[in-house]
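Notes for the structure review
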Amino acid sequence: MPRHIVCLTFDHDHVSGLIARGMTSPTAISRGEYDIVVIPRLIALLERYGIKATFFTPGHTIDSTPGAVTPYVEAGHELAHHGWTHRLPVNLSRDEEEEEIVRGNESIKRISGRTARGYRSPAWDLSPHSIDLLLKHGIQYDSSLMGNDYECYYARQGDVAELMKPLVRGHETALVEMPISWSLDDYPAFEYMRLPNGSVQQGLMNATAVLENFVDDFTYMTRVCDYGILTYTFHPHVIGRGHRMMMLERLIQRLIEGGAVFMTMEAAMQDWLARRRGIAKAAE
Ligand SMILES: [Zn+2]
């Protein structure tokens, strides 16, 4: 019996990502806090289709606007870890990175009663210390790597990647990796950004064209796998514009027509682990 799981995930950056990039003007702040308008609409949309989603929320967001976070926690969506400041782990020392994980978990526990099971790195850039630190602080899955499309895997640690030598792969850890891709993220597709360094992210793509890409990645999964998990990434302040919310609803409808089973990341991880145990048992 085929089983095709979809995880809808929302990175609730609010103003944290802008501040971490040095963008603190009133206009930049307003751009991030537009998500306060969007979140009740998102919750209503998910409710309409009976979908539970995962929100990756920085501690900075939780502590700056708890009133925007509580409604999705109370609606039964998963609250997962996305750093505290939204700085990239790859730019931090080990101690700074650990402080981010600890402080983020404190914010998550204060608002939801428990610490995070899942983690997604700001801008998907892990450091060489990340896997070790995540396991140390009770994180069970990560969603920052791109080494597969429809299958989870165990994250590796201790790779040696040097310019003039072949790659030496490290060892597998117990951390479940739930892979993602920039091609299934609303941010590069839609968000126009002029960064302080002068570079421009064009974004502003036609939503129907992006919808077709997103649907085709699901359809392809149904052709090449009997069992698969596909993760989409959205940002409330990006997907929240009218034409994109209409695209998101059409995406949900098309995925339902295609037989998608919607789950939180945590539930999908448990499903994947249970299936692996079943396969191992059958092989005994
Ligand atoms: Zn983010």
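Structural data are supplied above this passage.
For clarity, every value in this text was computed on a predicted model and none was experimentally measured.

1. Some words on the layout of surface pockets
Within this model, the largest pocket holds a volume of roughly 470 Å³. Forming the walls of the largest pocket are 14 residues, and the residues nearest its centre are Leu 126, Ile 131, Leu 145, Arg 156 and Asp 159. At five residues, the largest contribution of residues to the lining of the largest pocket is made by strand β6 (residues 153-157). Roughly 290 Å³ of internal volume is contained in the second largest pocket. Around the second largest pocket, the lining is made up of 23 residues, and of these Asp 13, Arg 21, His 86, Tyr 187 and His 235 lie nearest the centre. Breaking the lining of the second largest pocket down by element, the ones donating at least two residues are α1 (16-20), α8 (186-190) and β9 (200-201).

2. Examining the pairing of strand β10 (residues 227-234)
Judged by how many residues are buried, β10 sits mostly within the fold: eight of eight residues are covered. Both faces of β10 are covered, namely the face carrying Tyr 227, Ile 229, Thr 231 and Thr 233 and the face carrying Gly 228, Leu 230, Tyr 232 and Phe 234. Two elements, strand β1 (residues 3-11) and β10, share eight bridges in a ladder whose sense is parallel. Bridging from a neighbouring strand, His 4 pairs with Gly 228 of β10.

3. Some thoughts on empty space enclosed by the protein
Taken as a whole and assessed by the stated rule, the structure comprises two cavities of 30 Å³ or more. The space that makes up the largest cavity amounts to roughly 50 Å³. The element contributing the most residues to the lining of the largest cavity is helix α6 (residues 94-112), with three residues. Here the residues of the lining of the largest cavity sort into five nonpolar, one polar and three charged. Here the second largest cavity is characterised by a volume of approximately 40 Å³. Considering the residues around the second largest cavity, the lining is formed by Asp 149, Tyr 150, Glu 151, Cys 152, Met 178, Pro 179, Ile 229 and Thr 231. Within the lining of the second largest cavity, the residues separate by chemical class into five nonpolar, one polar and two charged.

4. Overview of the environment of Asp 125
Position of Asp 125 among the secondary structure elements: in the loop between β4 (118-119) and α7 (130-136). Non-local contacts of Asp 125, meaning those with residues more than four positions away in its chain, are made with Leu 88, Pro 89 and Val 90.

5. Focus on the pattern of salt bridges
Pairing between side chains becomes possible if they bear opposite charge and their charged atoms approach one another. Under the definition given, this model contains 13 salt bridges. Glu 98 serves as the salt-bridge partner of Lys 136, at 2.7 Å between the closest nitrogen and oxygen. Of this pair, Lys 136 sits in helix α7 while Glu 98 sits in helix α6, and the two are 38 residues apart along the sequence. What makes Glu 98 buried here is its relative accessible area of 17%. Of the charged contacts, one joins Arg 156 and Asp 159 as a salt bridge, the two residues approaching to 2.7 Å between their closest N and O atoms. Classification of Asp 159 by relative accessible area gives partly exposed; the value is 34%. Connected through salt bridges with shared partners, the residues Arg 114, Arg 117 and Glu 266 form a single ionic network.

6. Let's talk about the coordination of the zinc ion
Those donors, Asp 13 (OD), Asp 13 (OD), His 82 (NE2) and His 86 (NE2), are the protein atoms that reach the zinc ion, and they lie 2.1 to 2.5 Å from it. Coordination geometry of the zinc ion: the four donor atoms subtend angles of 53 to 141° at the metal centre, consistent with an arrangement described as irregular. Here the donor residues of the zinc ion are spaced in sequence according to D-x68-H-x3-H. Taken together, the residues span a long stretch of sequence, with Asp 13 in the loop between β1 and α1 and His 82 in the loop between β3 (78-81) and α6 at a distance of 69 residues. The class for Asp 13 is buried, based on a relative accessible area of 7%. Residue class for His 82 comes out buried when judged on its relative accessible area of 2%.

7. Concerning the side chain of Thr 231
Looking at the element boundaries, Thr 231 is found in strand β10. Look at Thr 231 and you get buried, because its relative accessible area is 4%. Aside from chain neighbours lying at most four places away, what touches Thr 231 is Cys 7, Thr 9, Arg 120, Pro 179, Ile 180, Leu 184 and Met 265.

8. A word on helix α12 (residues 265-283)
End to end, α12 covers 27 Å across 19 residues, agreeing with the expected 27 Å (1.5 Å per residue, within 8%). Taken residue by residue, α12 has Met 265, Glu 266, Ala 268, Met 269, Asp 271, Trp 272 and Leu 273 as its buried positions.

9. A look at the packing of aromatic side chains
For any pair of aromatic rings, geometry is given as the distance between the ring centres together with the angle between the planes. Scanning all chains against the criterion turns up nine aromatic pairs. Their ring planes at 20° and their centres at 6.5 Å tell us that Tyr 232 and Phe 234 sit as a pair that is stacked. A relative accessible area of 0% means that Tyr 232 is categorised as buried. An aromatic cluster of at least three residues, connected via ring pairs, comprises Phe 10, Phe 55, Tyr 72, Phe 214, Tyr 232 and Phe 234. Against the face of Tyr 34 rests Arg 241, its NZ or CZ located 3.7 Å from the ring centre. A cation over a ring is seen here: Arg 275 above Tyr 227, with NZ or CZ 4.1 Å from the ring centre.

Each value, and the rule that gives it
- What you see as residue numbers is a count from 1 along each chain, following the sequence as written.
- Given that this is a predicted model, residues contribute local features only at a pLDDT of at least 70 and side-chain atom pairs are listed and counted only at 80 or more, while totals for whole chains, interfaces and linings are drawn from all residues.
- Side-chain measures were taken over the full set of non-hydrogen atoms in the model, leaving aside hydrogen atoms and water.
- Both cavities and pockets are sets of points on a 1 Å grid over the protein atoms alone; in a cavity a 1.4 Å probe fits but cannot get out, in a pocket the set is open with protein on both sides within 12 Å along at least five of seven lines, and lining residues sit with an atom within 4 Å of a point.
- Grid points are joined across faces, edges and corners, and a volume is the space filled by probe spheres set on the points.
- In this description a helix means any DSSP run of H or I spanning at least four residues, a strand means any run of E spanning at least two, and both kinds are numbered starting from the N terminus.
- Classification of residues uses two cut-offs on accessible area relative to the type maximum, computed with a 1.4 Å probe and protein chains only: under 20% is buried, over 50% is exposed, and between them is partly exposed.
- Between any two strands, pairing holds if DSSP finds at least two bridges.
- All residues other than Ala, Val, Leu, Ile, Met, Phe, Trp, Tyr, Cys, Pro, Asp, Glu, Lys and Arg, Gly among them, are scored as polar; the first ten of these are nonpolar and the last four charged.
- Here, two residues are considered to be in contact whenever any of their heavy atoms come within 4.5 Å of each other.
- A pair is scored as a salt bridge if a Lys or Arg side-chain nitrogen falls within 4 Å of a carboxyl oxygen belonging to Asp or Glu.
- A donor here means any N, O or S atom no more than 2.8 Å from the metal (3.2 Å for Na, K and Ca); water is not included, so a site may seem to lack partners.
- Working rule for geometry: tetrahedral if four donors all subtend angles between 85 and 135 degrees; square planar for four, octahedral for six, if opposite donors exceed 155 degrees and the others stay between 65 and 115; irregular in every other situation.
- Helix span, expected: 1.5 Å multiplied by one less than the number of residues in the helix.
- Here is the rule: rings of Phe, Tyr and Trp (six-membered ring for Trp) pair when centre to centre is within 6.5 Å. Planes less than 30 degrees apart are stacked, more than 60 are edge-to-face, and the remainder are tilted.
- Whether a charge sits over a ring comes down to the Lys NZ or Arg CZ being within 6 Å of the ring centre and within 35 degrees of the ring normal.

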